[in-house]
Amino acid sequence: PPMRIPQLSVRIENKLGQLISPCELLADAGINIVTLSLADSPEFGILRLIVREWQRARDVLEAAGVEVTVTEVLAIEVRDQPGGLVELLKIFAKAGISVTFMYAFTARLGDSAIMVFSFDDLDAAILALARAEINPVSPVTLYDHLDEV
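Calculation rules
- Residues numbered from 1 in each chain as written.
- Predicted model: local features only at pLDDT ≥ 70, side-chain atom pairs only at ≥ 80, totals over all residues.
- Heavy atoms only, no water.
- Buried < 20%, exposed > 50% of the residue type's maximum accessible area, 1.4 Å probe, protein only.
- Helix = DSSP H or I, 4+ residues; strand = E, 2+ residues; numbered from the N terminus.
- Arc of directions from axis to C-beta.
- Core = buried A, V, L, I, M, F, W, Y, C linked by side-chain atoms within 4.5 Å.
- Contact = heavy atoms within 4.5 Å.

K.L.:
Please clarify how helix 3 (residues 84–94) should be interpreted in this entry.
P.N.:
Since the α-helix advances by 3.6 residues per turn, residues separated by three or four positions end up pointing in the same direction. Those residues of helix 3 that fall on the buried side of the exposure criterion are Gly84, Leu88, Ile91 and Phe92. The buried residues of helix 3 occupy an angular sector of 95 degrees when the element is viewed end-on, so they sit on one face. Of the exposed residues in helix 3, the ones pointing more than 90 degrees away from its buried face are Lys90, Ala93 and Lys94.

K.L.:
Would you take a moment to explain the nonpolar core for this structure?
P.N.:
Here is a general trend for soluble globular proteins: nonpolar side chains tend to be buried in one another's company. Ranked by internal contacts, the top residues of the largest apolar core, which has 15 residues, are Leu74, Ile76, Leu88, Phe92, Phe117 and Phe119. Elements with a contribution of two residues or more to this core: strand 4 (68–79), helix 3, strand 6 (112–119) and helix 4 (122–131). With five residues, helix 4 is the single largest residue contributor to this core. Residue contacts for phenylalanine 117: discarding those within four places in its chain leaves Val73, Leu74, Ile76, Leu85, Leu88, Leu89, Phe92, Val99, Phe101 and Met102. Formed by 14 residues, the second largest nonpolar core is a distinct cluster that contains Val34, Phe105, Val137 and Tyr143.

In structure tokens form, the structure reads like this:
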């Protein structure tokens, strides 16, 4: 199954209330945000969103004049105990792959936490994980699991 998860990135001005508009546009369209991350710099913030209906979400935002970038990320199970994340990071470092950003899912999968990762080389990351016998969580598994929670 495809492992890549489309993520929407929206640039937001660093002004009070700017976060409301993109979230409200999605809410009004009946689109639920699965997870998100907000990063800031002095000039602007970057809202990263994972939604099930990403094409429709992109269209809704763009129709309202919001600039949207779509990138692919991986959702990876991380052992939820001390050192769980370190094991994973060492796999990427050993393969010469940089993590460009990461954030956590609110939902868990069994005993594992789920982290969203972006890499400088997604294909190499998938290969490195496969060599370590780690399968990223497929979007289907992820969304089906969220429906059950």
